[in-house]
Amino acid sequence: QKEVEQNSGPLSVPEGAIASLNCTYSDRGSQSFFWYRQYSGKSPELIMSIYSNGDKEDGRFTAQLNKASQYVSLLIRDSQPSDSATYLCAVLGAGSYQLTFGKGTKLSVIP
Amino acid sequence: EAGVAQSPRYKIIEKRQSVAFWCNPISGHATLYWYQQILGQGPKLLIQFQNNGVVDDSQLPKDRFSAERLKGVDSTLKIQPAKLEDSAVYLCASSPTGELFFGEGSRLTVL
């Protein structure tokens, strides 16, 4: 059984601070990693994808991948109240199109 | 580009009744997924189609759940008979190659 683990939170950060979200996965052969944002009552929306070790930046978001440690993280700089949501880590299994999700981390950005 | 369409958005039934959900994926997306998301948890894969063939249905409770994808386009997910624990949001997603695009979901309440 492929596992994706996230701290469920809630994680509270003040407006303007950096929010750091973490995820670990069990399938060492996984190649593709995604972060989805899910607002309450809404469906998940893709915000970042990362495929190789290192950092990938997109605006205020930075995804970090360390395959040796089986660890993925998402940093949100200059956090805004509109960033308050649940962030889901998702991992694509090796050689498949099956995407396994973690339980999500709930982020609250306090004005 | 039109997104993934799902219906109905909401459904309330009594236990032991049946229900069906419909999904129309993004045009050209070969892979279609049905996920179940229970409140407070991440999405759990129920079934994955590649065109009109089943790729993975290992987590589908086949004694009560069934799904089909006719002509490799639209899909239906059926539950019969429903149990209380089936109360969840049923998310349909489609993908060209790995990145999932979700519909708005169908929220099922079983009383």
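Before reading on, note that the structure itself is shown above.
Here the structure is a predicted model, which means the values were calculated and not measured. (Residues numbered from 1 in each chain as written. Chains lettered and ligands numbered in written order. Predicted model: local features only at pLDDT ≥ 70, side-chain atom pairs only at ≥ 80, totals over all residues. Heavy atoms only, no water.)

Trainee: What is the right way to look at the side chain of A:Q6 in this model?
Mentor: All names here are of chain A. Summarising the element assignment, Q6 is placed in strand β1 (residues 4-6). A polar atom in the side chain of Q6 sits 2.9 Å from the backbone oxygen of Y87. Beyond its immediate sequence surroundings of up to four residues, Q6 is in contact with N22, C23, W35, Y87, L88, C89, G102, K103, G104 and T105. (Helix = DSSP H or I, 4+ residues; strand = E, 2+ residues; numbered from the N terminus. Polar contact = N/O pair within 3.5 Å; in protein donor to acceptor, adjacent residues only side chain to side chain. Contact = heavy atoms within 4.5 Å.)

Trainee: So what exactly am I meant to see when it comes to the pairing of strand β7 (residues 61-66) of chain A here?
Mentor: Regular strands place side chains that alternate from one sheet face to the opposite one. Residues and elements named next belong to chain A. Looking at chain direction, strand β6 (residues 54-58) and β7 are connected through 5 bridges and run antiparallel. From the neighbouring strand, D58 faces β7, where its bridge partner is F61. Pairing of β7 with strand β8 (residues 71-76), which is carried by 6 bridges, proceeds in the antiparallel orientation. Bridged to T62 within β8 is L75. Between β7 and β8, which pair antiparallel and follow one another directly, the connecting turn spans 4 residues, one of which, Q70, has a positive phi of 55°. (Pairing = 2+ DSSP bridges.)

Trainee: Even after reading the chapter, I still don't get the interface of chain B and chain A, so can you show me in this structure?
Mentor: By a widely used convention, the size of an interface equals the accessible area lost when the partners come together. Taken together, the 21 residues of chain B in the interface contact 19 residues of chain A. Note on chain B versus chain A: buried area summed over both sides is about 1500 Å², and carbon and sulfur give 51% of it. Joining chain B to chain A, the criterion identifies 0 salt bridges. Linking chain B with chain A are 5 residue pairs in polar contact (both at pLDDT 80 or more), by the criterion used here. Contributions of two or more residues to the side of chain B that touches chain A are made by β4 (31-37) and β5 (44-50) of chain B. Considered class by class, the residues forming the side of chain B that touches chain A number 7 nonpolar, 10 polar and 4 charged. (Buried area = accessible area lost by both parts, 1.4 Å probe. Salt bridge = Lys/Arg side-chain N within 4 Å of Asp/Glu carboxyl O. Nonpolar A, V, L, I, M, F, W, Y, C, P; charged D, E, K, R; others polar.)

Trainee: I keep staring at the packing of aromatic side chains and nothing clicks. Help me out?
Mentor: To describe a pair of aromatic rings, you give the distance between the ring centres and the angle between the ring planes. All told, the structure shown has 10 aromatic pairs over all chains when counted by the stated rule. Centroid distance A:Y36 to A:F101: 5.5 Å. Interplanar angle 55°. Geometry classified as tilted. With A:Y36 in strand β4 (residues 32-38) and A:F101 in strand β10 (residues 99-101), this pair connects stretches of sequence that are 65 residues apart. Like A:Y36, the residue A:F101 is buried in the burial classification. Between A:Y36 and B:F102 the ring centres are 5.7 Å apart and the planes differ by 85°, which places this aromatic pair in the edge-to-face class. Of this pair, A:Y36 sits in strand β4 while B:F102 sits in strand β10 (residues 101-102), on two different chains. Comparing A:Y36 with B:F102, the two get one shared label, buried. Following the ring pairs from residue to residue traces out a cluster consisting of A:Y36, A:F101, B:Y33, B:Y35 and B:F102. The positively charged end of A:R60 is found above the aromatic ring belonging to A:F61, 5.6 Å away from the centroid. (Phe/Tyr/Trp six-rings, centres within 6.5 Å; stacked < 30°, edge-to-face > 60°. Buried < 20%, exposed > 50% of the residue type's maximum accessible area, 1.4 Å probe, protein only. Lys NZ or Arg CZ within 6 Å of the ring centre and 35° of its normal.)

Trainee: Please clarify how the nonpolar core should be interpreted in this entry.
Mentor: Side chains of a nonpolar character, in soluble globular proteins, are inclined to be buried together. All names here are of chain A. One finds W35, V72, L74, I76 and Y87 to be the most contacted residues of the largest nonpolar core, which totals 23 residues. Looking at this core, the elements with two or more residues in it are β3 (19-25), β4, β5 (45-50), β7, β8, β9 (85-92) and β11 (105-110). The residues contacting I76, other than those within four sequence positions of it, are A17, I18, A19, L21, R60, F61, D83, Y87 and L107. (Core = buried A, V, L, I, M, F, W, Y, C linked by side-chain atoms within 4.5 Å.)

Trainee: Explain the state of the cysteines to me, please; I cannot follow it from the model alone.
Mentor: One covalent bond between the sulfur atoms of two cysteine residues makes up a disulfide. All names here are of chain B. Tallying each qualifying case throughout the model produces 2 disulfides over all chains. Covalently, C23 is tied to C92 through a disulfide, its sulfur atoms 1.9 Å apart. Handedness of the C23-C92 disulfide follows from its S-S torsion of about -70°: it is left-handed. Residue C23 is found in strand β3 (residues 19-24), and its partner C92 is found in strand β9 (residues 88-95); the two are separated by 69 residues along the sequence. (Disulfide = S-S within 2.5 Å.)

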